[in-house]
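An overview of the molecular structure
Below, each chain spelled out in residue letters.
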Amino acid sequence: MRLVLDQEQEDLRALVREFLADQAPMTKVREVVDGKSGYDRELWRRMARDLGLTGLVIPEAYGGSGAGHVERSIVAEELGRALVPTPFLSSAVLMVDALLALDDVQAREELLPAVTVGDVVGTVAVSESCPSWHGETTTSARPDGDRWVLNGEKNLVIDGDIADVVLVYAITALGPGFFLVRGDADGLTRDPLVTLDATRPLARLSFSDTPARKLDSRDAAAAKSRIADLAAVALAAEQAGGLGRAMELAVDYAKVRVQFGRLIGSYQAVKHGCVDSYVDCELCTSVVRYAAWVADHRVDELPEAASLARAVVSPAYFGVAARTILLHGGIGYTWEYDAHLYYKRAKTSELLFGDPHEQRALLADRLGI
Amino acid sequence: MTEIVEEFRVRARSWLEATAAPRATGSLSPAEELDRARAFQAALFDAGLAGITWPAECGGQGLTQAHLLAFNEEAGDFDLPISPFLIGLGMCGPTLVDLGTSAQQARYLRPLLRGEEIWCQLFSEPGAGSDVASLQSKAVPDGDGWLLNGQKVWTTGAQYGDFGAVLARTDPEVPKHRGLTMFIVDMRAPGVTVRPLRVMTGAAPFNEVFFADVRIPADAVLGSVNEGWTAAVAMLGHERVSIGGAVQQSSNPLAFSSLVETARRHERNEDPVIRDELVGAYLRERALQLLNARLKQEANTGKAIGARGSVLKLVRALNAARAVDVAGMVAGSEAIAWTEGDTAAAALSMSITGAPGLAIAGGTNEVQRNILGDRVLGLPKEPQVDRDVPFRELRVGTQREI
């Protein structure tokens with residue numbers, strides 16, 4: 001079990017961090033948050049084409065680098081740190097993992113190479129009335145000539161309103177399956193939702209006899225679980241990155257802010273608050289490294305490791321983000337200051353795909369308590 | 001030619017398999033435990049497996065950290081009865097290696113390594129715990145030696161200790177850190193009184209130690225006169241000897257696996273609230289395990305843990321406190337009353353009453369947070385009102401005696 005990065009992986013991290021610091025500073029994030037623009041397409045293309053960051057788990061046969069989940073989690077962490085809105089979670093995580101978990105060669109050939117060059121945005125739609133991916137599925141699919149049609153509604157679809165393709169989990173008369181829907185399909189209504197976190201676009205998708213192609217799969221339910229577990233690993237890494245940055249904001253502030261004649265970091269209450277965030281950071285980094293390593297090396301331990309990662313990191317990130325605001329005092333509460341962006345990303349991440357309560361219940365079952 | 005690590009590992013493993021018992025819950029008397037420990041340590045030494053990283057001229061094996069790690073990894077599967085020697089092996093011995101004179105090394109290191117002489121560490125006093133540098137035990141010149149007077153507290157192992165590393169004040173005219181000297185004290189010398197210190201678990205693993213005109217010879221200074229603080233920092237800085245590792249023993253009643261077993265025994269493991277609490281215990285324990293493993297791996301790549309080790313201690317104490325809550329929920333009445341002879345209940349009670357100690361001994365949770373904040377995060381230190389004041393003028397501890 002390896003929980004430390006090798007030199008190549010450290011170099012990858014440094015490369016991504018530098019790139020994002022240069023190409024995606026907070027001012028760019030703000031443009032999206034303030035509604036002045038969508039995600040930076042040029043940045044996304046460069047991340048894909050020039051740096052190969054979207055094809056890390058894609059096999060070389062499809063144009064990827066065939067690296068692994070440790071590498072991908074490094075990128076996720078840096079993106080979480082920078083908060084920069086990109087279709088990474090939807091396209092380079094959810095859709096890629098779905099295509100690799102399903103058995104549809106045509107879809108892989110069509111979409112995976114496009115992901116590696118940043119030419120397609122894709123997403124996976126599972127959540128319905130609640131964020132959970134383990135809830136009831138009512139969206140239905142029935143055959144219609146040589147294709148299928150979907151009816152129903154999907155909620156909280158990441159990048160759902162801009163995606164070129166959506167992989168939809170729906171129920172047929174013979175059990176569940178995944179269906180490929182084009183973004184411009186007939187009978188598809190896409191409502192971009194107002195979100196707590198402006199850096200993570202979410203949409204509601206309504207299907208009314210929407211044409212779709214059924215994707216080959218031996219076991220769609222099992223594939224869904226696997227996609228959920230791998231998403232958990234990537235998202236936990238992203239959360240850990242944001243947690244680390246939020247902690248740094250507080251520590252940096254404590255080193256410059258003076259009240260009552262001395263730096264506030266010299267008061268134990270403030271110092272210990274910063275340390276509690278640091279402790280969370282160290283624990284979460286360890287758990288995230290473990291989960292990513294398991295994703296690469298121990299396929300049967302993945303469900304437990306994924307639940308562990310989400311259950312530990314989700315509340316920790318939100319706790320650190322909230323504490324960062326608190327340690328800043330009034331300025332931390334302003335729109336202008338960045339702390340609230342981490343707070344909102346943390347809360348959203350905590351609940352996406354299923355809240356910690358559900359993760360814990362799942363884990364209780366998986367641990368055989 | 002130095003034995004390569006994997007060959008050393010194989011040698012260590014086969015010796016351990018032949019000599020050491022697998023993890024067991026013993027029920028020997030303290031005297032029997034001590035005999036068992038001495039016999040084991042002597043055998044370990046004679047097999048060339050003691051003092052793995054200590055210089056060969058000091059009685060050690062002169063091998064590398066990698067060898068030590070290999071040994072510790074193999075040793076993790078066994079129950080090594082070496083707790084009486086942990087302070088000697090982990091703290092006093094390495095400090096003798098660092099700072100001792102060749103005469104001191106020649107006299108003390110081999111018997112220490114072989115388990116023939118047991119060492120203790122005498123720093124803390126009733127008036128000097130977190131602020132140990134404000135200690136008041138004093139050593140005044142007497143002929144060519146010294147006369148030691150004062151009181152130490154929390155001394156582990158003093159009840160069977162042969163020698164101790166004691167910190168005493170030798171110059172009250174300078175600020176507190178600068179007027180201390182570390183001495184080697186013979187725990188059986190006239191004037192040394194050891195009194196057991198009973199803690200809330202009911203056991204007495206610690207002692208109070210009183211010094212009344214104890215004669216200390218001239219050659220018993222460890223390091224230099226008035227340089228005791230440097231020696232103390234060096235001693236505290238040595239990594240705790242981690243033979244057996246910091247792995248949670250499954251026999252620990254507060255470990256996740258034990259809590260689940262207890263819950264099952266009381267048929268409480270189906271209750272969703274209890275299940276959630278048990279998962280919480282698992283998350284805390286597993287995250288700490290993974291952090292421990294990661295820091296070890298980082299240390300192996302040359303990135304020393306340093307002050308970050310305080311995270312491990314802090315989290316372990318915090319986890320234990322939460323685990324006590326969970327234990328109460330799953331154990332029910334057994335946590336508060338049990339029939340004589342119920343060893344499981346007694347063990348649980350011991351860990352419930354022992355948990356507060358984890359948050360205090362070796363530096364309280366608050367001190368650990370101070371260390372992390374100042375040394376790892378680089379936060380500004382709290383103003384120190386006593387740093388440059390001559391000790392004689394300070395308000396210290398519980399007495400004002402100069």
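Residues numbered from 1 in each chain as written. Chains lettered and ligands numbered in written order. Predicted model: local features only at pLDDT ≥ 70, side-chain atom pairs only at ≥ 80, totals over all residues.

1. Describing helix H1 (residues 7–23) of chain A
All names here are of chain A. Compared with an ideal rise of 1.5 Å per residue, which puts 17 residues at 24 Å, H1 spans 24 Å between its outermost C-alpha atoms and is within 8% of the ideal. Those residues of H1 lying buried are Leu12, Val16 and Leu20. Across the axial projection of H1, the buried residues extend over an arc of 55 degrees, all falling on one side. Pointing more than 90 degrees away from the buried face of H1 are the exposed residues Gln7, Glu10, Asp11, Ala14, Glu18 and Asp22. Looking at the buried side of H1, the elements it contacts are helix H4 (69–82). (Helix = DSSP H or I, 4+ residues; strand = E, 2+ residues; numbered from the N terminus. Expected span 1.5 Å × (residues − 1). Buried ≥ 20, exposed ≤ 12 C-beta atoms within 10 Å, placed from the backbone. Arc of directions from axis to C-beta. Contact = placed C-beta atoms within 7 Å.)

2. Examining the environment of Thr170 of chain B
All names here are of chain B. If you trace the backbone, Thr170 turns up in the loop between strand S6 (163–169) and strand S7 (180–186). Owing to 21 C-beta atoms within 10 Å, Thr170 belongs among the buried residues under this scheme. Distance in space between the C-alpha atoms of Thr170 and Val194 is 23 Å, their sequence separation being 24 residues. Sequence-distant contacts of Thr170, defined by excluding residues within four places in its chain, comprise Ala139, Gly179, Leu180, Thr181, Val225 and Asn226.

3. Thoughts on helix H5 (residues 88–101) of chain A
Of all the 14 residues making up H5 of chain A, twelve are buried; the element is thus mostly covered by neighbouring parts of the structure. Buried within H5 of chain A we find Phe88, Leu89, Ser90, Ser91, Ala92, Val93, Leu94, Met95, Val96, Asp97, Ala98 and Leu99 of chain A.

4. Some details on the packing of helix H7 (residues 256–265) of chain B against helix H9 (residues 309–331) of chain B
Residues and elements named next belong to chain B. For the pair H7 and H9, the least separation of the axes is 8 Å and the interaxial angle reads 20 degrees. With respect to H9, the element H7 is oriented roughly parallel. As H7 packs across H9, the resulting crossing turns out to be left-handed. Along its contact with H7, which presents Leu259, Thr262 and Ala263, the element H9 presents Ala323, Val326, Ala327, Val330 and Ala331. Partitioned by chemical class, the residues of the contact of H7 with H9 number seven nonpolar, one polar and no charged. (Axes fitted to C-alpha atoms, helices over the stretch in contact; angles between N-to-C directions. Parallel < 35°, antiparallel > 145°, perpendicular 65-115°, else oblique. Left-handed = near helix turned anticlockwise from the far one by under 90°. Nonpolar A, V, L, I, M, F, W, Y, C, P; charged D, E, K, R; others polar.)

5. Quick word on the domain arrangement of chain A
All names here are of chain A. Partitioning chain A into structural domains gives domain 1 (7–119), domain 2 (123–219) and domain 3 (221–367). Each of domain 1 and domain 2 has a C-alpha centre, and these two points are 22 Å apart. Taken together, the 17 residues of domain 1 in the interface contact 16 residues of domain 2. For the side of domain 1 that touches domain 2, the elements supplying multiple residues, two or more each, are helix H2 (26–33), H5 and helix H6 (105–116). A per-element tally of the side of domain 1 that touches domain 2 places H5 first, with five residues. Residue classes in the side of domain 1 that touches domain 2 are distributed as 13 nonpolar, two polar and two charged. (Domains from an automatic or database assignment.)

6. Here we look at unusual backbone geometry
Note: most peptide bonds trans; most residues except glycine with negative phi. Its identity as a non-glycine residue notwithstanding, Leu83 of chain A has a phi of 65 degrees, on the positive side. Inspection of the secondary structure assignment puts Leu83 of chain A in the loop between H4 and H5. The phi dihedral of Glu267 of chain B is positive, around 55 degrees, even though this residue is not glycine. By the element assignment, Glu267 of chain B lies in the loop between H7 and helix H8 (272–300).

7. Description of the interface of chain B and chain A
Listed by partner, the interface residues are 31 residues for chain B and 31 residues for chain A. Among the secondary structure elements, those contributing two or more residues to the side of chain B that touches chain A are H8, H9 and helix H11 (365–376) of chain B. At 14 residues, H8 of chain B tops the list of elements feeding residues into the side of chain B that touches chain A. In terms of residue class, the side of chain B that touches chain A is built from 18 nonpolar, five polar and eight charged.

8. Some thoughts on the domain arrangement of chain B
As a measure of interface size, the accessible area lost when the parts come together is often cited. Residues and elements named next belong to chain B. Domains assigned within chain B are domain 1 (5–117), domain 2 (120–237) and domain 3 (256–363). Using C-alpha coordinates to define each centre, domain 1 is positioned 25 Å away from domain 2. Breaking the side of domain 1 that touches domain 2 down by element, the ones donating at least two residues are helix H4 (86–99) and helix H5 (102–113). For the side of domain 1 that touches domain 2, the element with the most residues is H4, which contributes six residues.

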